[in-house]
Amino acid sequence: MLEGFTRKFKPLEVLTEEQVSAIHVGALDVLETTGLRVEHDRSLALLADHGCKVDLRQKRVRIPGPLVEDCMRKCPSTFTIRARDPKYDLRIGGNTLYFSQNVGMRYVDLDTWETRPGTLQEHADAVKVLDALDTVHMLCAYEFYMDMENVSPYMMPIEGLASGIRNSVKAQCMGYPHDSEVFAIKMAKAVGMELRGAINTAPPLTIYEDCGNAAFRFVEAGFPLFVGGAPLFGGTGPATIAGSVVINLAETMALLVLVQLIKSGTGVFTGGLPLPMDMRSGHAAFGAVSSALHQVMWHQIWRRYQIPSCSMHTGYSGSKKIDFQAGYERAMNALVSALAGDNICFFHGAIHGELTYHPVMSILDDDVAGWIGRFIEGVDVTPETLAVDLIEQVGPIPGQYLNTEHTRKWWRREQFIPKTADREPYSEWIRKGKKDAIALAKKRMEEILSTHKSKPVTTEQDKAIGEVLEEARSYYRQKGLI
Amino acid sequence: MSAREVLESLRVAVKEYDSEAAASCAKRAVSEKINPVEAANAITSAIKEIGDAFGRGELWLPDLVGAAAAMQSAMSIIEAEIVRQGAAKKSLGTVVLGTVHGDIHDIGKTMVSTMLTAGGFTVYDIGVNVIVEEFLRAVKEHKPDILAMSALLTTTAAEQRKIIQALRQNGMRDKVKIMVGGGAITEEFARAIGADGYDATALGAVGLAKRLIGIE
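Residues numbered from 1 in each chain as written. Chains lettered and ligands numbered in written order. Predicted model: local features only at pLDDT ≥ 70, side-chain atom pairs only at ≥ 80, totals over all residues. Heavy atoms only, no water.

(A) Structural context of the overall build of chain A. Helix and strand counts for chain A come out as 17 helices and 20 strands. For 482 residues, the compact-globule estimate of 2.2 N^0.38 gives 23 Å, and chain A sits close to it at 23 Å. Across its three principal directions, the C-alpha atoms of chain A cover 85 × 55 × 45 Å. Looking at chain A as a whole, 56% of its 482 residues qualify as buried. Look at the contacts in chain A between residues 6 or more apart in sequence, and 75% of them connect residues 24 or more apart. (Helix = DSSP H or I, 4+ residues; strand = E, 2+ residues; numbered from the N terminus. Rg over C-alpha atoms; globule rule 2.2 N^0.38 Å. Buried < 20%, exposed > 50% of the residue type's maximum accessible area, 1.4 Å probe, protein only. Contact = heavy atoms within 4.5 Å.)

Written as structure tokens, this is what we have:
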């Protein structure tokens, strides 16, 4: 089991108890009064069977509050996700913070900052880097380089997962583009691991058929799930942050009801991609402070329900480069979420929005995640750490602390040592060619790619993965998609 | 109220995002027998002012969309009157616009629709998740100068290629210029599928449309 980071102090909260209750009541009100459009017959039937008001002609479902609260009580407060190697299993929930990589559709050139499709080799290398980084606890390998040279976009999610499983022992996520979850579930079972499935609403207040299918498929496979939506404040959700939380909460609760009705006790964690709309371009505004506020509220609310929650907006910046803006927007959002009690922070590797991904960024993010993780672990306050006796022993100058048993014992625990960041004295920095963060991260990437060896899949597992890929290929071929 | 005052209040209603007032001014223009082409011009001049202010960065999307809704509510009444009288409305050209099958993203398409209308085009917005046959039907019906398609996802971008192929197979490709856009689309992709033009922004789409029909 991977330990991740443990938050050892009270989480950051911005809402009063009364405000949390008002948001809760608001979301229940939306579900009972407005309801959702559900374009999935099997879900409609299941929801109707359990007391929801279902208008089959309009495909509109109104969910009574008591059913929502009952289903929320059925969600476990903690659950595991099994990785390919049991040493990398995850225990989601409580005060634990894990990090996962985030996504980017295309590869970005670090000199020109122009994008192009990724290649399978670049995908495999990026996965190897993630496998080597201690602060990456889970991968969404299916979700980066979706635009892949010589690979059909229909095959890319399952090709991405195959590359993820073959090149990393860590836990993996899966979504549901074009039925790919059917093949993903087979692939995971063939290598004896679970996947963290995902189901998303289409805001505002809509559940499409593919989401309904994926809910049944993941839950029936026995896999835990991410549930959530992605309201664009002022676009697909209200412009107010409180309103965007209400609608995101209502949509997430609806998915959670569906999941618990399919199989009570299924592990879920909640989240979404809460982003304000940029009112000039209509695009999502990445890296925004409104997202940070939404997410602090989100974690506070779900902590009250004792259901784990995650942050997905944390890896995205509006910047097109690895630069100051990318650094502050991403790190501040990730830090704030972590302080507020985030359980899984989707972070490493993504650069501009959902457009670009680069392993060099994931290496720089290893330092950011390590910094945040160290921060939330807090400080021990004991007679030994207070060191009053030691201070008495060392006394004033010429006393010093470097050559003491206490320093040898404690400094490594207390400090966080970044693996890439520049800490050289100025003269050394000049002598070594004035290298910047990107150059240092590139060097580390080269070292990882030439030395890191992940536990390989067995020959049988490799064959099974290949067979599932072939099955997927013939499925999409038959549908005339490739 | 004089004809001039009615037209001015129509313009003000659009500029103040007031759909109800815009519709009631339009009805008044019809009942007072004001030339409907002049009324349409008043509406278009108001939305052009809004579009220009958006282009200068003085107004924002909620302003643009609010004015577009007010424009639509008035324009539907005025257009019905134009048709009834058999008059002709001034337009730079006609555009059929939709988001392709499998893709439900609406906002970007609506922005392009609004900006094109503000730019002087007549736009037929055929909605989201539009199948190939529906695009063909709309092109046959409206005989547009330009067909504009939106796709946000990498998997739905391929639908644009299908539509262009279908136009070719039906001997309709040469009769219409094609412009494409959306999150998943690049210049390089647009060229590869045989589109005539691509732009990344709604504002840019207007210039592109003008170039495609040879007015800029």
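Right, picking up where we left off after that structure.
(B) Expanded view of the overall build of chain B. Check the secondary structure of chain B and you find 9 helices and 5 strands. Overall, chain B shows an N-to-C arrangement of helices and strands of α-α-α-α-β-α-β-α-β-α-β-α-β-α. The C-alpha radius of gyration of chain B comes to 18 Å, within 12% of the 17 Å expected for a compact globule of 216 residues. Considered along the principal axes of its C-alpha atoms, chain B spans approximately 55 × 40 × 30 Å.

(C) Highlighting the sheet that holds strand β2 (residues 122-125) of chain B. All names here are of chain B. With respect to topology, 5 strands assemble into an open sheet ordered β2-β1-β3-β4-β5, the strand pairing being parallel. The outermost strands of the open sheet, each flanked by one partner alone, are β2 and β5 (197-198). Here 5 bridges tie strand β1 (residues 94-99) to strand β3 (residues 146-150), and the two strands are oriented parallel to one another. If you follow Leu97 over to β3, its bridge partner there is Ala148. Where helix α6 (residues 132-142) meets the sheet, it contacts β1, β2 and β3, and its direction lies at approximately 165° from that of β1. (Pairing = 2+ DSSP bridges. Axes fitted to C-alpha atoms, helices over the stretch in contact; angles between N-to-C directions.)

(D) Region of interest: the sheet that holds strand β9 (residues 115-116) of chain A. All names here are of chain A. Taken in spatial order, the 3 strands line up as β9-β8-β20 in an open sheet, and their pairing is mixed. Of all strands in the sheet, those bounded by a partner on one side alone are β9 and β20 (356-357). Bridging between strand β8 (residues 106-108) and β20 involves 2 bridges; their strand directions are parallel. Within β20, the residue paired with Tyr107 across the bridge is Tyr357.

(E) Expanded view of the side chain of A:Thr385. By the secondary structure assignment, A:Thr385 is in helix α12 (residues 383-386). Within the structure, A:Thr385 has its side chain in polar contact with the backbone oxygen of A:Asp380 (distance 2.8 Å). (Polar contact = N/O pair within 3.5 Å; in protein donor to acceptor, adjacent residues only side chain to side chain.)

(F) Quick peek at a nonpolar patch on the surface. There is a patch of nonpolar side chains on the surface, built from A:Leu12, A:Val14, A:Val289 and A:Leu293 and spanning about 320 Å² of accessible area. By the secondary structure assignment, A:Leu12 is in the loop between β1 (5-6) and α1 (17-34). (Patch = residues over 30% accessible without salt bridge, like charges linked within 9 Å, V, L, I, M, F, W, Y side chains within 5 Å. Areas by Shrake-Rupley, 256 points an atom, 1.4 Å probe, with all protein chains shown as cover. Salt bridge = Lys/Arg side-chain N within 4 Å of Asp/Glu carboxyl O.)

(G) Quick peek at the domain arrangement of chain A. The domain boundaries assigned to chain A delineate domain 1 (5-14 + 72-376) and domain 2 (383-414). Here domain 1 of chain A and domain 2 of chain A have C-alpha centroids that lie 42 Å from each other. (Domains from an automatic or database assignment.)

(H) Up close: the interface of chain B and chain A. Taken together, the contact between chain B and chain A spans 14 residues of the former and 16 residues of the latter. The junction of chain B with chain A conceals about 1300 Å² of combined surface from both sides, 65% of it contributed by carbon and sulfur atoms. In terms of surface lost to chain A, no three residues of chain B exceed B:Ile107, B:Thr154 and B:Thr155, which account for 39% of the buried area on that side. For the interface between chain B and chain A, the tally reads 0 salt bridges. Joining chain B to chain A, the criterion identifies 3 residue pairs in polar contact (both at pLDDT 80 or more). Residue assignment for the side of chain B that touches chain A shows that the elements contributing at least two residues are α4 (61-85), α5 (107-118) and α7 (154-169) of chain B. Looking at the side of chain B that touches chain A residue by residue, the class counts come to 8 nonpolar, 4 polar and 2 charged. (Buried area = accessible area lost by both parts, 1.4 Å probe. Nonpolar A, V, L, I, M, F, W, Y, C, P; charged D, E, K, R; others polar.)

(I) A look at the nonpolar core. Formed by 182 residues in total, the largest nonpolar core has its most connected members in A:Ile199 and A:Met253. Ignoring anything within four residues of it in the chain, the contact list for A:Ile199 reads A:Tyr176, A:Cys211, A:Ala214, A:Ala215, A:Leu225, A:Phe226, A:Val227, A:Gly228, A:Leu255 and A:Val259. Grouped together as the second largest cluster of nonpolar side chains are 27 residues, B:Val96, B:Val100, B:Leu136 and B:Ala195 included. (Core = buried A, V, L, I, M, F, W, Y, C linked by side-chain atoms within 4.5 Å.)

(J) Geometry of the pairing of β1(B). All names here are of chain B. Among the 6 residues in β1, 6 count as buried, and that is most of the element. Both faces of β1 are covered, namely the face carrying Thr94, Val96 and Gly98 and the face carrying Val95, Leu97 and Thr99. Pairing of β1 with β2 involves 4 bridges; the strand directions are parallel. Bridge assignment links Val96 to a residue of β2, and that residue is Tyr124. Once you follow β1 into α5 and on to β2, the crossover reads as right-handed. (Right-handed = clockwise from strand over helix to strand, strands pointing away.)

(K) Spatial organisation of the packing of α1(A) against helix α9 (residues 289-305) of chain A. Residues and elements named next belong to chain A. At a minimum axis distance of 11 Å, the contact between α1 and α9 shows a crossing angle of 85°. As judged from the angle between their axes, α1 and α9 are roughly perpendicular. Residue-level contacts link Glu17, Val20, Ser21, Ile23 and His24 of α1 to Met297, Gln300, Ile301, Arg304 and Tyr305 of α9. A class-by-class count of the residues in the contact of α1 with α9 yields 5 nonpolar, 3 polar and 2 charged. (Parallel < 35°, antiparallel > 145°, perpendicular 65-115°, else oblique.)

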